[in-house]
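An overview of the molecular structure
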Amino acid sequence: MKFKFQKSRIEIFFCLFLLCSSFSLIAQTTVKGKVLSASDNMPLPGASVIEKGTSNGTQTDFDGVFTLDVSNESAIMVVSYVGFKSKEVVYSSGEISITLEEDSALEEVVVIGYGSQKKSDIVNAVSTTDLEKATLSPTSDVNEMLRGRIAGLQVNVGGGTLRPGGTSDIIFRGQGSIEGNVSAIYVVDGIIRDGGIEDIDSDDIKSIEFLKDASAQAIYGSRGANGVVLITTKRGSEGKVSVSYHGFLTTKSIERNFDVYSGQELAQLRREAWRSTRADDSYADDVVDNVFTEVEYDNLTNNRFVNWEDELMRNGFVNSQAISVSGGTEMTKVFGSINYFKEDGLIPSSSYTRKTLRLNVDQKISDKFSVNFDINLLNDDTDRAANVNVITTSPLGSAYNVDGSITRFPSGEELSAVNPLWNLREQNHEEKGNDYVVNVTPIWQITNDLQYQLKANLTRRTSERGQYQSSLSSAGDDVRGIARIDNQLRESYLIENILTYDKTINANNSLNVTLVQSTQENAFTRTFTEGQGFANEDLGYNGISSAIGNVTVERDGDQFRYLGYLARARYSLLNKYTFEGTVRADGASLNGEGNKWSYNPAGSFAWKIHNENFLEDVSSIQELKFRASYGSLVNDLGRAYTSLFTADFQPYIFDEETGSGFSPSTILPNPDLKFERITTLNLGFDFSIFNRILVGSINWYDARTTDLLLRRGVPPVTGYTSTFFNAGEMQNTGVELSLTANIFNTEDFKWSVSTNWSNNKNKILELYDDGNGNAITEDNSFNYYVGQPVGVIYQYAFDGIWQEGEDFENAPQANSESANPQTDLRPGDIKIKDVNGVDEDGNIIAGPDGKITQEDRVFIDPNPDWFGSLSTTVYYKGFDLLVDFYAVEGATKVNPFLNEYNNGGTLRGDINGVKVDYYTPENPSNSFPRPNKDAADQYLNALAVKDASYLRLRTVSLGYTLADKFTSKLNFEQIKFYVTATNLFTNTDYIGYSPEVNIRSTFSNADTGYPDAKSFTFGVRVKF
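Anyway, here's the lowdown on the structure attached to this text. Keep in mind that what you see is a predicted model, and the values were worked out from it rather than measured. (Residues numbered from 1 in each chain as written. Predicted model: local features only at pLDDT ≥ 70, side-chain atom pairs only at ≥ 80, totals over all residues. Heavy atoms only, no water.)

Considering all chains together, one arrives at 56 salt bridges under this definition. We note a salt bridge from Glu729 to Arg704, for which the minimum N-O separation is 3.8 Å. Of this pair, Glu729 sits in strand S39 (residues 729-745) while Arg704 is found in strand S36 (residues 694-706), placing the two residues 25 residues apart along the sequence. In the salt-bridge network here, residues are joined through shared partners; they are Glu272, Arg275, Asp281, Glu922 and Arg930. (Salt bridge = Lys/Arg side-chain N within 4 Å of Asp/Glu carboxyl O. Helix = DSSP H or I, 4+ residues; strand = E, 2+ residues; numbered from the N terminus.)

Moving on: the nonpolar core. One finds Tyr261, Ile830, Ile832 and Val916 to be the most contacted residues of the largest nonpolar core, which totals 48 residues. Contributing elements (two or more residues each) for this core: helix H6 (263-275), helix H8 (308-312), helix H9 (420-425), strand S47 (830-832) and helix H10 (940-943). At four residues, the largest contribution of residues to this core is made by H6. For Ile830, the residues in contact, after removing those within four places along its chain, are Phe798, Gly800, Ile801, Trp802, Gln813, Pro929, Asp937, Tyr939, Leu940 and Leu943. Ile150, Ala184, Ile197 and Val229 belong to the second largest nonpolar core, which has 20 residues in total. (Core = buried A, V, L, I, M, F, W, Y, C linked by side-chain atoms within 4.5 Å. Buried < 20%, exposed > 50% of the residue type's maximum accessible area, 1.4 Å probe, protein only. Contact = heavy atoms within 4.5 Å.)

In this section: the packing of aromatic side chains. Scanning all chains against the criterion turns up 24 aromatic pairs. Ring-pair connections join several aromatic residues into one group, and the members of that group are Phe744, Phe749, Trp751 and Tyr876. One residue, Arg223, lies across the ring of Tyr562, its end atom 4.1 Å from the ring centre. Against the face of Phe341 rests Arg354, its NZ or CZ located 5.6 Å from the ring centre. (Phe/Tyr/Trp six-rings, centres within 6.5 Å; stacked < 30°, edge-to-face > 60°. Lys NZ or Arg CZ within 6 Å of the ring centre and 35° of its normal.)

For Thr986, the position within the fold is in strand S56 (residues 974-988). At 2.9 Å, the side chain of Thr986 and the side chain of Glu255 are in polar contact. (Polar contact = N/O pair within 3.5 Å; in protein donor to acceptor, adjacent residues only side chain to side chain.)

The phi dihedral of Arg480 is positive, around 65 degrees, even though this residue is not glycine. Mapping Arg480 onto the fold places it in the loop between strand S23 (450-469) and strand S24 (482-506). If you check the backbone angles, Asn691 has positive phi at about 55 degrees while not being a glycine. The exposure class of Asn691 is partly exposed, given its relative accessible area of 43%.

Of the positions making up helix H7 (residues 294-301), those classed as buried are Glu296, Asn299 and Leu300. Around the axis of H7, the buried residues are gathered within 100 degrees of arc, so they sit on the same side. Exposed positions of H7 whose direction lies more than 90 degrees from the buried face are Glu294 and Thr301. Following H7 by one or two positions, Asn303 has its phi on the positive side, about 55 degrees. (Arc of directions from axis to C-beta.)

Going residue by residue along strand S28 (residues 597-608), you find Ser598, Asn600, Ala602, Ser604, Ala606 and Lys608 tucked away on one face and Trp597, Tyr599, Pro601, Gly603, Phe605 and Trp607 left uncovered on the opposite face. Relative to S28, strand S27 (residues 577-588) runs antiparallel, the two sharing 11 bridges. Each residue of the ladder has a partner; that of Arg584, found in S28, is Asn600. Across seven bridges, S28 lies against strand S29 (residues 621-635) in antiparallel orientation. Within the sheet, the bridge partner assigned to Gly603 lies in S29 and is Tyr630. (Pairing = 2+ DSSP bridges.)

This part is about the environment of Leu211. The residue Leu211 is located in strand S15 (residues 205-211) in this model. Using a relative accessible area of 0% as the deciding quantity, one classes Leu211 as buried. On a C-alpha basis, the gap between Leu211 and Val229 in space is 6.6 Å, while along the polypeptide they are 18 residues apart. In this structure Leu211 touches Ile112, Ala125, Val126, Ala216, Gln217, Ile219, Tyr220, Gly227, Val228 and Leu230, once residues within four positions along its chain are discounted.

Right, let's get into the side chain of Gln117. Among the structural elements, Gln117 can be located in strand S9 (residues 116-118). The class of Gln117 is buried, set by a relative accessible area of 8%. Aside from chain neighbours lying at most four places away, what touches Gln117 is Glu108, Val109, Val110, Ile112, Ile122, Val123 and Arg570.

The next point concerns the sheet that holds S15. Adjacent strands of a sheet pair through backbone hydrogen bonds, lying either parallel or antiparallel. Pairing is mixed in the open sheet, where five strands are placed in the order S10-S15-S16-S13-S14. In this open sheet, the two strands that pair with only one neighbour each are strand S10 (126-128) and strand S14 (191-192).

Our next topic: the sheet that holds strand S38 (residues 722-726). Ordered in space as S34-S38-S37, the three strands form an open sheet in which the pairing is mixed. A single partner strand is all that each edge strand has here, and the edge strands are strand S34 (667-668) and strand S37 (709-713).

This part takes up H6. Since one α-helical turn is 3.6 residues long, residues separated by three or four positions face the same way. The first and last C-alpha atoms of H6 sit 18 Å apart over 13 residues, in line with the 18 Å expected at 1.5 Å per residue. Residues of H6 that are buried: Gly263, Leu266, Ala267, Leu269, Arg270, Arg271, Glu272, Ala273, Trp274 and Arg275. Looking at the packing, one finds that the buried side of H6 touches H7. (Expected span 1.5 Å × (residues − 1).)

Tracing the backbone shows Thr578 in strand S27. A relative accessible area of 6% means that Thr578 is categorised as buried. In the structure, Thr578 is positioned 67 residues away from Leu511 in sequence and 9.7 Å away in space, judged by C-alpha atoms. Not counting the four nearest positions on each side in its chain, Thr578 is found in contact with Val123, Arg570, Tyr571, Ser572, Ser604, Phe605 and Ala606.

Now the structure itself:
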């Protein structure tokens, strides 16, 4: 009985123990806490708290408090809140306090034009660039720094771009016009620029944004149809004075992927060219047949040759120094900078020196009134390279006389090619420029929600270009010297009245309305003077007034006026849905009466999908946003007075006396000329997933240009050559991808990989009719073809080289019905593919017809299939490494080194050129034709169409930032050293100094190209 009672007590005790233990266990696995913002310690209501690896979770209440039962004491909770970085917290007994850091990527403020927005609220296709990476490029051209940094952005490297002080153009999303404007505009600190941004130093830039779709661009109306580049410069901040220094030194050297013929190789090429003209296919005698001049033969016999690249080229050098001061009080904030940039080019006599001064002042007058003052000054000097010919000048000649002086004619023959060293000495070409930009912006904060701004700007740019070619130069020898002076003045005035209403109605509703009235005037004047014949040449072009020969004076000028009215409204609902509508009316002086005004409407919508209830528990998604926009903007011709009758100065002789008169210009005026219209649909996704490990965006667009600005020839009997008119339609479509993977992100080690990828397809959809309703599908005079892109290459298809034993008599090229029959076709000639035929009605039919006619030409798209960049950045305990690749795939160009006589491409042996594997009976090449002294192969243009795709290791940069424990002892905020290598190698099949731009025509004095270079930079950044 006792035993039974004892046993009963034990059972009861054991049950009570288990019950208490269970209560104890429950108490230990219940988590209570509070979620706060790290910046202001305020509670975060609605924050998500989820046990990691389960669906078990809860949300904080209005005071940021939560209670959650977790499975065990090892549980990890994932705490997240919109706009903040997620955080993992290990279970802890008692009430815990959890602070979340703001997600700077989502809270980052982005300039959008006439205002700014948080990056998370952006509703249009707006992109920003990583300035830290961009400024590693040692260049004075800001555009060149941006290559590959933004999806959809192409940097157009034109003639002279790569020279010291050269500039380039930015093209967004392909070419949206044929004859009209195609370049993006620049808006610097809210001011629309007339022209480029040469006066801005990269160290003064705070941020660069790009407006890519029509809805974003609509705020600038007709000015922004081809893209907008928003540049914001640095400003002062309240606090102690901060001084920053950035200096770097760069050395540059030629990068090329080809060889020119050596002395012996050029001699053999010339022999082969002579041989192919002889009936018995024998070699001519070097001396008897005068294959070589006396000087050339002597040098050839003694193996004495000239390497013109060594004689004429040098390593380039860049020296850049920038100092800025920033600071201020609550009432006054100031940023000032002085920048010096000097580049000595690869070609002697080419250099660029730029000095800039910037002062940005923000003055608060009262709680309601403030004013911003900006002034930017530029002084630059450019020495442009003389016509340096390192490729085609024969190595068989002599650069110097026996006494060491420069010989004028290297081959020893009068009137032959002049020594490029001689021309370098006997010519100079320089330009001096002065710019100043002044902005004044009074601001009146009428209420907490309503603000008025007045933007006033004056921009003035002057330049003087002087050139002198002496009587001993190849250009000026027959007129006893040539002097030229070109003076230009550009002025721009801008006044804008901006009214902004920005109201957060409640937690779920906000409204922003912007109204703008804008007026701008751009004026350009130019005076060009040329004088010939000088008895005294000591003064160079400064002695132009003493010219005793022909004197020519030209005076040009034009003026543009713009007037615009803008209304933009943006409404946000529930922090999920954003709607934006924009309309801008623009008046421009460009067109004729009745066509001066245009209207530019656009609308967009953004959906923050990550804020929807069905994704609130998905901690792996930080941002998922869908965007859609549609807008219709106009674009202008960019030429003044095309709707008006204009006349050009035309002197005449009457009764043996010279009179002054005028004749109509060559462009027939069109009073009905109007704007073309570009209508764009853009769809995009922005995403950030896996706690921001993967961040990116994707855009698809379709842009249609209607009422195209085209040019058409007119009958010569009218006295005009062409006219501009509106007709037709063109399309640009493409996809853009930007992606960043933050693979590691710890305090001591960070590793990220980024890529931008873009493609664009351009196509002319329609041209015009013949007046009788019949569609015109091609215009050979101006290279317009329906179904083809702008600038398409229309050429015969190269099919190799004719070889010994092939059927020459029945070859399509030898057919007498061919367009240019080759009855003397022989081995070594270029073979052309017989692609198409023509039926009895004149219609083109696919397939060979046994003859080569115009219909056998094929269309080749010069535009790349895609282009993009891939970069990786690694940070480790003060060290940072950037490796950056840039690629262009599927681009095609016509290579002048392979088809132009002046570039040595005709294989006649007269001048040097790019070394190629040409045909000889002993070397039956299938790549390049047989040399011929008398004439070039008539189909060289087909052979010169080459793939210009390339992969470039653009940047490798290694930096080291001293640790705080060292810099603090020196009272410095930052000390950083870095070394950067640029354009280390370029993998391409395209023969030339660069696959992007062809170097100058060797017999041209125009600034039509400059060799690309690889460079090595050492730089220092200091802040204190």
